[in-house]
Amino acid sequence: MDISVVIPLFNEEESLPELEAWIRRVMEANRFTYEIIMVDDGSKDRSWQVIKDLTQKNPYVRGIKFRRNYGKSAALHVGFEAVKGDVVITMDADLQDSPDEIPELRRMIVEDGFDLVSGWKKTRHDPISKTIPSKFFNGVTRWISKIPLHDFNCGLKAYRHNVVKSIEIYGEMHRYTPLLAKWSGFGRITEKVVEHRARKYGVSKFGLDRFINGFLDLLSITFIGKFGKRPMHFFGLLGTLFFICGVVILAYLSWAKLVYKEYGITDRPLFFFGILTLIVGTQLFVTGFLAELLVRNSSTRNTYVIEKEIG
Ligand code: UDP
Ligand code: MG
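Residues numbered from 1 in each chain as written. Chains lettered and ligands numbered in written order. Predicted model: local features only at pLDDT ≥ 70, side-chain atom pairs only at ≥ 80, totals over all residues. Heavy atoms only, no water.

### A word on helix H8 (residues 209-227)
- In a regular helix each residue adds 1.5 Å, so 19 residues correspond to 27 Å; H8 covers 27 Å between its end C-alpha atoms and thus fits that length.
- Residues of H8 that are buried include every one of Arg210, Phe211, Gly214, Asp217, Leu218, Ile221, Thr222 and Phe227, and no others. (Helix = DSSP H or I, 4+ residues; strand = E, 2+ residues; numbered from the N terminus. Expected span 1.5 Å × (residues − 1). Buried < 20%, exposed > 50% of the residue type's maximum accessible area, 1.4 Å probe, protein only.)

### Here we look at the environment of phenylalanine 10
- Turning to its location among the elements, phenylalanine 10 is positioned in the loop between strand S1 (3-9) and helix H1 (16-30).
- Here the alpha-carbon distance between phenylalanine 10 and valine 259, two residues 249 residues apart in the chain, equals 73 Å.
- When near neighbours in sequence (up to four residues on either side) are disregarded, phenylalanine 10 contacts Asp41, Gly42, Ser43, Asn69 and Lys205. (Contact = heavy atoms within 4.5 Å.)

### A few points about the layout of surface pockets
- Space inside the second largest pocket adds up to approximately 530 Å³.
- Along the wall of the second largest pocket there are 29 residues; nearest its centre are Lys72, Asp92, Arg199, Lys205 and Phe206.
- Where the lining of the second largest pocket is concerned, the elements lending two or more residues are S1 and helix H3 (72-82).
- Of the residues that constitute the lining of the second largest pocket, the class distribution is 6 nonpolar, 8 polar and 15 charged. (1 Å grid on protein atoms, 1.4 Å probe; cavity = no way out; pocket = protein on both sides within 12 Å on 5 of 7 lines; lining within 4 Å. Points joined across faces, edges and corners; volume = space filled by probe spheres on them. Nonpolar A, V, L, I, M, F, W, Y, C, P; charged D, E, K, R; others polar.)

### Structural notes on a positive patch on the surface
- Taken together, the side chains of Lys146, Lys182, Lys226 and Arg230 define a basic patch exposed on the protein surface.
- The residue lysine 182 is located in helix H7 (residues 177-183) in this model. (Patch = residues over 30% accessible without salt bridge, like charges linked within 9 Å, V, L, I, M, F, W, Y side chains within 5 Å. Areas by Shrake-Rupley, 256 points an atom, 1.4 Å probe, with all protein chains shown as cover. Salt bridge = Lys/Arg side-chain N within 4 Å of Asp/Glu carboxyl O. Lys, Arg positive; Asp, Glu negative; His and termini not counted. Charge placed at Lys NZ, Arg CZ, Asp CG, Glu CD.)

### Overview of the pattern of salt bridges
- The tally for this structure, following the rule as stated, stands at 19 salt bridges.
- Between arginine 199 and aspartate 94 there is a salt bridge, with its nearest N and O atoms 3.4 Å apart. Residue arginine 199 is located in the loop between strand S7 (189-193) and H8, and its partner aspartate 94 is located in the loop between strand S4 (87-90) and helix H4 (102-110); the two are separated by 105 residues in the primary sequence.
- Each of Glu12, Asp94, Arg199 and Lys205 takes part in one network of salt bridges that share partners.

### Quick notes on the coordination of the magnesium ion (ligand 2)
- Note on the magnesium ion (ligand 2): its protein donors are Asp94 (OD) and Gln96 (OE1). The metal-donor distances range over 1.9 Å. Each member of the pair, aspartate 94 as well as glutamine 96, is classed as buried. (Donors = N, O, S within 2.8 Å, 3.2 Å for Na, K, Ca; no water.)

What follows is the structure, encoded as structure tokens:
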């Protein structure tokens, strides 16, 4: 199968028939074999009924429904588990992304050999309250991840099949699939300017809290990517620095007291500072040990990607 299209959706009943018809038109014009996986993220409207009707009309449409609203990341996760196509396209259900981009995105994966192509909504049809924070957010993500993309949050992305099978999206990590892909060893990542359209039906499902959550997710994802398998290297280093600092301070104060018979040591701010750093250092160290124990005993899936096997 050439292409799997994964569409996470939450209360998008009006858009779905139009979206399906448009994707079908593009696929048929290009003679692609395809499937459309619509993941209903616990919609409260008639979305699931609409999906059921679409599967009757078009045998290439598949539907997955959550019992409640788990979020876009969860929807993408189960969608990725289900895909069969060589190239996997994700797109939003609200008709803001154009299916006309699909053939070129696929070409960049198949012919140019990219692992992931991310859409870039260069001209956006969103309110300014969204575009300005978004610029900042993308800048920080670019700087931390060293992946030169302008628009991490774009819903329209194309992946090589192996990429979606190797990455695990959880929490609110759907914005960071390029980072997850890079850390799984799929480093050929690029972007393509895509057409962005104004939302035709329904309302946006994300508010300004996306930037706060997005930033916190970026911190944890960076930490996990770097130290997830070796937390002691982080906590141990910090702990040692603090500990040494504390020991030096307290040794100096003891020396002052014993040799120079200095009184009032306990009135000096340095005394409290020394004790503080000693305690903080010890705590960091213990945290590091506990984190190591957790990593050793955790039953999470092995995240080392095996590229080939023989024999
Ligand atoms: N979405 C989802 N679950 C949610 C929130 C959103 O599946 O909890 C879907 C939504 O239906 C849409 C896509 O994620 O297909 C992007 O959402 P939206 O258009 O609201 O985001 P925006 O365009 O404002 O960034
Ligand atoms: Mg949208």
